[in-house]
Amino acid sequence: MDKRTLGRDGLLVSTLGLGCMGLSYGYGPAVDRYDGIRLIRTAFDSGVTFFDTAEAYGPFANEQLLGEALAPVRDEVVIATKFGFKEGHTTLGLDSRPENIRAVAEASLKRLKTDRIDLFYQHRVDTNVPMEDVAGTVGELIREGKVKHFGLSEAGPQSIRRAHAVQPVAALQSEYSLWWREPEREILPLLEELGIGFVPFSPLGKGFLTGAIDDHTQFSTNDFRNIVPRFSKENRKANAGLVEVLGRIAEGKGATRAQIAIAWLLAQKPWIVPIPGTTKLHRLEENLGAATLALDATDLVAIDAALRQIEVVGERYPAHLQQRVDR
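Residues numbered from 1 in each chain as written. Predicted model: local features only at pLDDT ≥ 70, side-chain atom pairs only at ≥ 80, totals over all residues. Heavy atoms only, no water.

Q: Residue-level account of the pattern of salt bridges, with values.
A: A complete count under the given rule lists 25 salt bridges for this structure. Between glutamate 184 and arginine 181 there is a salt bridge, with the nearest N and O atoms lying 3.0 Å from each other. For arginine 185, the salt bridge goes to glutamate 182, with nearest N and O atoms at 3.0 Å. Overall, the relative accessible area of 35% leaves glutamate 182 in the partly exposed class. Look at the salt bridges and you will find they share partners, linking Arg74, Asp75, Asp115, Arg116 and Asp118 into a network. (Salt bridge = Lys/Arg side-chain N within 4 Å of Asp/Glu carboxyl O. Buried < 20%, exposed > 50% of the residue type's maximum accessible area, 1.4 Å probe, protein only.)

Structure (structure tokens):
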């Protein structure tokens, strides 16, 4: 697989990464340990060198799984993890105090079975802690050799500028896909200006863009999508038109909906590295096929024209989580 560079300090990663959250958290029951390790190692064998996790995924279980799976190839991969929640639990609120950042780094190093974190993201902006203190603390960890690069997740323009002025930001991780294009307004131009890479999570719209989900789909009781407004039964039905259009485009290219959605992201900027996640080997193979699917200017114009006719319905977060999104 080809490589792309995140940030101006030369963080080189595979064109597509693997978002590992769903193996342990968020989308129903965790996968069996053996199956999780097998999927991660299959991704590596297929050319993926960029793996994304967080202490909050589980919590802690996902880092442990990734650490075990990648231990034999540690020096050949880039591992990204995150800090920023109290005791690693998303339900307990935010905590980006310097002492917590340091504690998370030490704990994550042990769980990941490594001596350095390649990319250390602030999971969400903590308005109770000055961004300068956050960036400064990660900068100290970088100088100590425990962290290689600094990242932000779901941060807004002001927070990005403040952080970058203290410690260069290698990458911003935020949601971006054919059904969530908000980053195009302010974020992408800012990242281009500052030389920061972009790592879109949920590039397949939390699975909706694959066509595998419709208004009859039943999610597991512990699946995050049960509380997402965009995934209400009515909104899934209302958004079906987007999947239909994507299907027609995919058929014309001899590809799948997922491959078109990922290839579209790759075509936007050379410093964009999507991290689709999956628990299934056949979906992994499908997703990685997007790395070799080239969309030319004519394709992109046609996709934009088709999708302009579609209005996506429903918020991407429930109200209590929307408050965490930094502006």
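We are not done yet, so read on.
Q: Tell me what's going on with the sheet that holds strand E6 (residues 117–122), and back it up with residues and numbers.
A: Pairing within the open sheet is parallel, and its seven strands lie in the order E3-E4-E5-E6-E7-E8-E9. Bordering the open sheet on either side are strand E3 (18–19) and strand E9 (197–201), each of which pairs with just one other strand. As paired strands, strand E8 (residues 169–175) and E9 are joined by five bridges and run parallel to one another. When the bridges of E9 are listed, leucine 172 appears paired with phenylalanine 198. Contacts from helix H5 (residues 157–166) reach strand E7 (147–153) and E8 within the one sheet, and its direction differs from that of E7 by about 165°. (Pairing = 2+ DSSP bridges. Helix = DSSP H or I, 4+ residues; strand = E, 2+ residues; numbered from the N terminus. Contact = heavy atoms within 4.5 Å. Axes fitted to C-alpha atoms, helices over the stretch in contact; angles between N-to-C directions.)

Q: Outline the nonpolar core, supporting the account with residue identities and numerical values.
A: Counting residues in hydrophobic clusters, the biggest one holds 83 residues, and the most contacted among them are Leu18, Ile40, Phe51, Phe120, Leu152, Ile160 and Ile260. Setting aside residues no more than four positions away along its own chain, leucine 18 makes contact with Leu39, Ile40, Ala43, Val48, Phe50, Phe51, Asp52, Ile275, Pro276, Gly277 and Leu284. One finds Leu11, Ala80, Val273 and Ile275 within the second-largest nonpolar core, a separate group that totals 17 residues. (Core = buried A, V, L, I, M, F, W, Y, C linked by side-chain atoms within 4.5 Å.)

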